[in-house]
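Overview (structure and organization)
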Amino acid sequence: MLFDDVSLGTAFGEALSRHHQGRLEDARALYDKMLASNGDDAGALHMAGVLAVQQLRYEDARNLMSRALAVDPRNVSILNNLGYVYRELGQPEAAVTCYEKAMLLTKRDADVWYNCGLAYHDLRLFDDAAHCYGESTNLRPEFEQAWNNHAVALKELHRYPEALASCDRAIGLNAANASAWSNRAAILNAIGEHEAAERSCDRGLGVDPEFVPGWSNLAHALKCQARYAEALECAEKVLVLDPVSIDGFIVKGAALLGLRRFEEATSCYETALALQPDRTEIPVHLATAYLGLNRFDEGFACCERAIAADPGNAEAWNNRGLLLYSQCRFDDALECFTRASDLKPEMPEAYWNKGCLQLLLGDFREGWKHYEWRWGTERVRSRRRLFPQPLWSGKAALDGKTILLHSEQGFGDAIQFCRYAGMVAGRGARVLLQLQDELAGLSVRFKGIEVLPESLRQLPEFDFHCPLMSLPLVFGTEPDTIPAFAGGYLKAGESKVQKWKNRLGKSNRLRIGLVWSGSVTHPNDRNRSISLSEMLGMLPEGFEYISLQQEVREEDLPTLLAHPEVRHFGNELMSFEETAALCEVMDLVISVDTSVAHLAGAIGRQVWVLLPYLPDWRWMLERNDTPWYPTMKLFRQTESGNWFQPLTEVRESLSTKLS
């Protein structure tokens, strides 16, 4: 059936009516009849293309709109819609060409600018995308989604204050925009404002509880606050809502890494990598999981893959350094950490890792400087305490002043570095030494020190503050200037010591306190802890063995029950003061690298410490003693994972004591 001009106009009107009513197949049939009558009808070609888009027939849409454009090359609507089709076909370059032609015809169409921004965004040309979104909002200040996307592009450009401002404009236009709240959270996460990011996610998820990016950003915010269990719950929510979410698998893997559940983290990252092999951050994360499992070759392969795809990937170089560090290839590791920090000068992890390695190698001058970067790392960031009083760097005079020294990391760290309180007091200061509640019952052997618990809400007035682990830098500590105290610098209360003397009674054998495992949350626990059965299997008879463990792992319970001669007090050791008092009545403490080893050294007891092949930085390398504790002797693994040699040396040394 052929149409004359009048009939074509009538048919077009009828086709549009059916189209607007949602009668798509009826409209399509009429468009087809019109085009059979006149294949150069630009209106019918264009609207048939629009209908094809609605039916997801993008190839048909491209062909129809291209024919329409050939007939009417100055039609902005056709150019705009054809650009959309090219984007859906994964051809953003062609889309940009369409939009730029449209903009030559009119500079006043906010939608064209916005859509061109989307195409540039697809191409990851964020400068161009941000410019287009900005022009769109200039033309239409109430264009909510343009403000939202403007924020995303600016975030990618690291223009964070501007990005936040654009997000806030979008939210100001519509407080129920879950996407804008989520994007705001992503920006805040990027600048380390994780608590504020959490609040933004809560607002957005209150609007739309099933908005996947909101849950993903919330998981990231919680992970960065070291709230790993909560982050894991949010990541699992992401994967319930979207079982193939790449970001869901990535953030779930990160939460599992924080929980030291390396096998599960590995599985998450491997799934993410299979879903999106070209996403370069995934093999970097996977390398971290492999490192936790001591699967070094696979970790190296992941780093090499990431570096091959992007030689400027600072995170990949940093992780490569960690893998080399773990294999005691220290020079190569230092090169990698330096490469990472050169590529990304504000990367705290690279500097901190470098500092730890320098301290391990005895380069204290540079090591303490780089160790200060710990405050920017995820592991330590959440423990930073901010006070209105100035941070003491050692320059200000302390005569007649009060200074707060505060713990920051683990129990062992606080025990080791609270020795500096005496040196600070020696500068004429009144020293408030704030320790974890479990440590606050201990007494220090220095004058002018007041020990306070962390839980104390109202602190006395003070003039300066300093975290304990910054004090070695303040005092310029070198290996030969470490403040060591042969008689110890901490002590337990005499009444508690007497209590344990009475409890244990007299013995004609030497008493040896045992510690075979530490906290499972410690980053290096899989390498530093020993099974009780392995330790007891190497210890000679002739001694009275006392467990100094407050907690015993489930796998060690059968061994402990099978050896009633090992006296165990468990929950009676509810504080470090109790443990210190029990250590005081030991002739010797044998421990893996835990806080109890530090405690025994700090009270001046003889202590033997079993160290893994790659020790913590504070024990340095090769030497069998340590300048930190004069009464301590070190027994080192000579092969990774093999405790036989150091335990043999312990056995032989104990046998010498017997003889």
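Before any of the text, the structure's been laid out above.
Read on for a plain summary of the structure. (Residues numbered from 1 in each chain as written. Predicted model: local features only at pLDDT ≥ 70, side-chain atom pairs only at ≥ 80, totals over all residues. Heavy atoms only, no water.)

Turning our attention to the overall build of the protein. The helix and strand inventory of the protein stands at 33 helices and 11 strands. Here the C-alpha radius of gyration of the protein, 33 Å, is well above what a compact globule of 659 residues would show, namely 26 Å. With the principal axes as the frame, the protein shows a C-alpha extent of 120 × 55 × 45 Å. Taking all 659 residues of the protein together, 53% fall into the buried category. Of the contacts formed within the protein by residues at least 6 apart in sequence, a portion of 60% connects residues at least 24 apart. Counting only carbon and sulfur atoms, one obtains 49% of the accessible surface of the protein, whose full area is about 29400 Å². In the protein, 69 side chains carry a positive charge and 89 a negative one; their mean positions are 6 Å apart. (Helix = DSSP H or I, 4+ residues; strand = E, 2+ residues; numbered from the N terminus. Rg over C-alpha atoms; globule rule 2.2 N^0.38 Å. Buried < 20%, exposed > 50% of the residue type's maximum accessible area, 1.4 Å probe, protein only. Contact = heavy atoms within 4.5 Å. Areas by Shrake-Rupley, 256 points an atom, 1.4 Å probe, with all protein chains shown as cover. Lys, Arg positive; Asp, Glu negative; His and termini not counted. Charge placed at Lys NZ, Arg CZ, Asp CG, Glu CD.)

Turning to the packing of aromatic side chains, a few remarks are in order. Enumeration over the complete set of coordinates arrives at 26 aromatic pairs. Centre to centre, the rings of Phe411 and Phe576 are 4.9 Å apart; their planes meet at 50°, and the pair counts as tilted. A residue pair is termed long-range when its members are at least 10 positions apart, and Phe411 in helix 24 (residues 411–417) and Phe576 in helix 31 (residues 576–584) qualify at 165 residues. By relative accessible area, Phe576 is classed as buried at 10%. On the numbers, 6.5 Å between centres and 40° between planes, the contact of Trp619 with Tyr629 is tilted. Taken together, the residues Trp619 in the loop between strand 10 (607–611) and strand 11 (632–636) and Tyr629 in the loop between strand 10 and strand 11 connect sequence positions 10 residues apart. Residues Trp619 and Tyr629 agree in their burial class; the two are buried. (Phe/Tyr/Trp six-rings, centres within 6.5 Å; stacked < 30°, edge-to-face > 60°.)

This paragraph deals with the sheet that holds strand 5 (residues 464–467). In space, the four strands of this open sheet follow the order 4-2-1-5, with parallel pairing throughout. Edge positions in the sheet fall to strand 4 (449–453) and strand 5, since each of these pairs with one other strand and no more. The average undirected angle you get between the axes of adjacent strands in this sheet is 25°. (Pairing = 2+ DSSP bridges. Axes fitted to C-alpha atoms, helices over the stretch in contact; angles between N-to-C directions.)

Another point: the sheet that holds strand 10. Across the sheet, which stays open at both edges, the five strands sit in the order 8-7-9-10-11 with parallel pairing between neighbours. Pairing within the sheet leaves two strands with one partner each, and these edge strands are strand 8 (544–547) and strand 11. Direction aside, the axes of adjacent strands within the sheet are offset by 20° on average. The pairing of strand 7 (residues 511–515) with strand 8 spans four bridges and is classified as parallel. Within strand 8, the residue paired with Ile512 across the bridge is Tyr545.

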